[in-house]
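# Commentary on secondary and tertiary structure
Okay, here's what each chain looks like letter by letter:
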Number of protein chains: 2
Amino acid sequence: MVGEDRRMASLGLAGPEVYSRRLRALPQPDDDAMGDARRYFDLPTPFAMKRGGHLHAARLAYETWGELSPARDNAILIFTGLSPSAHAASNAEDPAPGWWEDMLGPGKYIDTTRWFVICVNTLGSCKGSTGAASIDPATGEPYRLSFPELTLEDAANAANALVHGLGITQLACLLGNSMGGMTALAYLALHPDSARSHVSISTAPQAQPFAIAIRSLQREAIRLDPQWNQGHYSDEHYPEAGMSIARKLGVITYRSAMEWVGRFARIRLESDQRDEEPFAAEFQIESYLIGHARRFVRQFDPNSYLYLSRASDWFDIGEYGEGNVANALARIHLQRALVIGVETDILFPLSQQQEIAEGLRTGGAHVDFVALDSPQGHDAFLVDIARFGAAIAQFLARL
Amino acid sequence: MVGEDRRMASLGLAGPEVYSRRLRALPQPDDDAMGDARRYFDLPTPFAMKRGGHLHAARLAYETWGELSPARDNAILIFTGLSPSAHAASNAEDPAPGWWEDMLGPGKYIDTTRWFVICVNTLGSCKGSTGAASIDPATGEPYRLSFPELTLEDAANAANALVHGLGITQLACLLGNSMGGMTALAYLALHPDSARSHVSISTAPQAQPFAIAIRSLQREAIRLDPQWNQGHYSDEHYPEAGMSIARKLGVITYRSAMEWVGRFARIRLESDQRDEEPFAAEFQIESYLIGHARRFVRQFDPNSYLYLSRASDWFDIGEYGEGNVANALARIHLQRALVIGVETDILFPLSQQQEIAEGLRTGGAHVDFVALDSPQGHDAFLVDIARFGAAIAQFLARL
């Protein structure tokens, strides 16, 4: 047995063929990738959603690295930001670099020779998990806007079902960054004693108005694109303009002004790189944004984007503390926690990381709070791997 | 003689009827206002533009407050941000409150019993000055995108012609905020000894990539709106969606996250305030942005917006110092300058205000640098009048 087969056997799970009976999501661009390390977990049916409604025959896509220990006590679950897939790093089945390639793997900061790492594609996303682009088994048609209202609590509950399905009763560590950090807090609030430790990265205990404003405007750009068509777009009529604006606005708020001064300054495009459109891009910073948008548009389902974006706005851990964030965080019981934030992050400001650290400390955890001065803003956890990795490795070494 | 007539006579200028012969701009919504204190200055014809081309029979709209002294040495010229008109404050002809109502007037921080204040509508704007919405006398049709490429240097040169037209050889003070602060720096660089003092507010010596990115995205939202139609929109087919996104993005970057936490937190709209659209606004912060967009859309010409926005991106005082900002600023000779910035301004960061202060100081000016901790971000100069006014009044008192 090699690769996936061996790993599946060690987990006592059936092979992928079991899942081939399941209804597949709408074909996604990454389904055509050469390798595919995703596995699929069938959620209990019906799967109740927080704000009402149920999912039937829904599933989660996930990937794993390393081996679950006989005592099943070495599992780390990773919740991602809004757009990444479960492919956090390369593995035998899919050698393509993952979104956290340098963080995760044998001998890396999160050392998969010691830890069994699971990364889940968020419920409601479009990278293999059930979402608005998936087929509704009741109609045989894609859900689109008939997908039930999605919350990060639903995403947490779905992942908790997966963890139990893998035979794990308590995670060694639950890790989340950005939207995934909010999902992780929901997981901890809803499932007491589900994790011994927690790594919280550049996230928020509740969505603040600046972040809500940005996300609301991203959604508006998509909704106002005539091609969105109330969710009934197709490959031929895809809301490319709206998705492009949404992505560019994301990138602007994910990075920092300081980084860009050093990186782009006022450097202009070569004349042969410019197009003839009136008011077209002239500066490198504009072409950088265009590049980001091109790599995102058509790689992400617009309706899924709307659902996940709104779920982020709705999130408020305070709901689990009679409306008080500090109370809610203090009710989460962990042995240890690491909370990392970045001074240049305008979307998830350092003050919110401090709030999480203080709340978890009140709850009895030994909390390490790390404030980094990485210039890359919110995205620093994807870029400044040396500093984030060192903090995470040091934390994991003490567990 | 009362009101305008008396003031015009004291300036040795002809009355408004002289200007009625001029071609009027396209009717703008504010042309219907009850009162109108605007006067019009005919620019020299042809008026040469920095990047090529000429304007013919172009004009500037402006308003004034107070009386020009017999020595003509008490004039303050104000350059505005991108969107305001010349109506900075109420006056006899137009009692409607202006955009700087509490700053400017008899006995106010800028005391018009002492100072003769001129506020100019930027060349290229749509509030009375010639811009893309104006009639091109060569064709009898609106310029639209045939308007020549506009720079802030053109706006500065046009205002300089107005100042000379009013019989003023040297301003007591040149004041500019936001885009107007950049225009003021262009004015000082292009017209040596044109002002004895300068007040620079929340502006930039050159556009930095974060600000370029934001403005580029605002322009993209307008350009991608099918109703923009390559500049050939009409009242019936107006790019409302694009202008709305552009304005909301503006407001998001003009204010600060900190202010909004205190002001909006996570307060939701009453259910009867919500509309039924999927993903419609639920939070007060979203309805605040909607309100701002509604008050702006259709009050501003989209093509003018594109021209002024791009002019801001192009601005770089370094052009007047062999590519070096500090050199260029040091070549500006002033007796005194006041440079004010706000710590929470993400669009025109405090570091850029410091750069201006240091450069002008190297040039020999006595410079007061004031860093305010107003929570309102870039817009603080429009809101935190008490603190900005005190600094400005103190500065003017010493002249």
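Note: the structure precedes this text.
Let us look at the structure shown here. Everything quoted here is computed from the prediction, not taken from an experiment. One numbering rule holds for all chains: residues counted from 1, following each sequence as written. Chain letters and ligand numbers both follow the written order, the letters beginning at A and the numbers at 1. In keeping with the predicted nature of the model, local features appear solely for residues at pLDDT of at least 70, side-chain atom pairs appear and are counted solely at 80 or more, and the whole-chain, interface and lining totals rest on all residues. In computing side-chain properties, one takes all heavy atoms of the structure into account and sets aside hydrogens as well as water.

What follows is about the overall build of chain A. Assigned secondary structure in chain A consists of 12 helices and 14 strands. The dimensions of chain A, computed from C-alpha atoms along their principal axes, are 65 × 50 × 45 Å. Burial classes: relative accessible area under 20% of the type maximum marks a residue as buried, over 50% as exposed, and values in between as partly exposed (1.4 Å probe, protein chains only). Buried residues in chain A amount to 63% of all 399 residues. By definition, residues are in contact when any of their heavy atoms lie within 4.5 Å. Excluding contacts between residues fewer than 6 apart, the proportion of contacts in chain A whose partners are at least 24 apart in sequence is 72%. Carbon and sulfur atoms provide 50% of the accessible area of chain A, an area that totals close to 14,500 Å². A helix here means a DSSP run of H or I that spans at least four residues, while a strand means a run of E at least two residues long, and both kinds are numbered starting from the N terminus. In this description, accessible areas are obtained by the Shrake-Rupley approach with a 1.4 Å probe, and a residue is regarded as covered only by the protein chains that are shown.

What follows concerns the nonpolar core. Residues Leu77, Leu123 and Trp260 of chain A together with Leu77, Leu123 and Trp260 of chain B are the most contacted members of the largest nonpolar core, which totals 188 residues. Not counting chain neighbours up to four residues away, the residues in contact with Leu77 of chain A comprise Ile118, Val120, Ala159, Val163, Leu171, Cys173, Leu174, Leu175 and Tyr187 of chain A. Note on terminology: a nonpolar core comprises buried Ala, Val, Leu, Ile, Met, Phe, Trp, Tyr and Cys residues joined through side-chain atoms within 4.5 Å.

Okay, helix H3 (residues 179-190) of chain A next. All names here are of chain A. To estimate how far a helix should reach, multiply one less than its number of residues by 1.5 Å. An ideal rise of 1.5 Å per residue puts 16 Å on 12 residues; H3 measures up with 17 Å between its terminal C-alpha atoms. Burial analysis of H3 places 10 of its 12 residues in the buried class, which makes it a mostly covered element. All buried positions along H3 are accounted for by Met179, Gly180, Gly181, Met182, Thr183, Ala184, Leu185, Ala186, Tyr187 and Leu188.

A few words on the sheet that holds strand S4 (residues 59-65) of chain B. All names here are of chain B. Taken together, 8 strands build an open sheet; the order of strands is S1-S4-S8-S5-S11-S12-S13-S14 and the sheet is mixed. Each having just a single partner strand, strand S1 (39-42) and strand S14 (366-372) make up the two edges of the open sheet. Averaged over all neighbouring strand pairs, the angle between strand axes comes to 20°, with direction disregarded. Between N-to-C directions, angles cover 0 to 180 degrees, with each direction set by a line fitted to C-alpha atoms, over the stretch in contact for helices. Along the sheet face, helix H3 (residues 179-190) touches strand S5 (75-79), strand S11 (171-177) and strand S12 (195-201) and points at about 140° away from the line of S11. Helix H12 (residues 385-397) rests against S5, S11, S12, strand S13 (336-342) and S14 of the sheet, and its axis sits at about 170° to S13. The rule for pairing is simple: two strands pair if DSSP sees at least two bridges between them.

What follows covers the interface of chain B and chain A. Facing the 49 residues of chain B at the interface are 49 residues of chain A. The term buried area means the drop in 1.4 Å probe accessible area that two parts suffer when joined, counted for both and summed. Roughly 4,300 Å² of surface becomes buried between chain B and chain A when both sides are summed, with 68% attributable to carbon and sulfur atoms. When the area that chain B buries against chain A is broken down by residue, the three leading residues are Pro209, Arg266 and Phe279 of chain B, summing to 20%. One side-chain nitrogen of Lys or Arg within 4 Å of one carboxyl oxygen of Asp or Glu is enough to make a salt bridge. Viewed at the interface, chain A and chain B are joined by 6 salt bridges. In this structure, the salt-bridge partner of Glu286 of chain B is Arg219 of chain A, at a minimum N-O distance of 3.5 Å. N or O atoms closer than or at 3.5 Å make up a polar contact, with two conditions inside protein: a donor-capable atom paired with an acceptor-capable one, and, for residues adjacent in sequence, both atoms drawn from side chains. Run the count over chain B and chain A and you get 21 residue pairs in polar contact (both at pLDDT 80 or more). Listed by contribution, the elements that provide at least two residues to the side of chain B that touches chain A are helix H4 (209-224), helix H5 (240-254), helix H6 (257-263), helix H7 (284-296) and helix H8 (302-314) of chain B.

Residues apart from glycine generally show negative phi values, whereas peptide bonds are mostly found in trans. A cis amide bond, omega -5°, links Thr45 of chain A with the succeeding residue Pro46 of chain A. In this structure, Pro46 of chain A sits in the loop between strand S1 (39-42) and strand S2 (47-48). Despite not being glycine, Glu322 of chain A has its phi angle at roughly 50°, a positive value. Note that Glu322 of chain A resides in the loop between helix H8 (302-314) and helix H9 (325-330). With phi around 45°, Ala265 of chain B is a residue other than glycine that occupies positive phi space.

Inspection of every chain in the model, using the stated rule, returns 40 salt bridges over all chains. Here Arg398 of chain A and Asp368 of chain A are joined by a salt bridge, their closest N and O atoms 3.3 Å apart. Of the two residues, Arg398 of chain A sits in the segment after helix H12 (385-397) while Asp368 of chain A sits in strand S14 (residues 366-372), which places them 30 residues apart along the sequence. For Asp368 of chain A, a relative accessible area of 18% corresponds to the buried category. Because the salt bridges share partners, they merge into one network encompassing Arg215, Arg219 and Asp313 of chain A together with Glu286 of chain B.

It is worth spelling out the side chain of Gln352 of chain A at this point. All names here are of chain A. Structurally, Gln352 can be placed in helix H10 (residues 350-362). By relative accessible area, which is 2% here, Gln352 ends up buried. Residues in contact with Gln352, not counting those within four places in the same chain, are Thr203, Ala204, Pro205, Gln206, Gln208 and Leu347.

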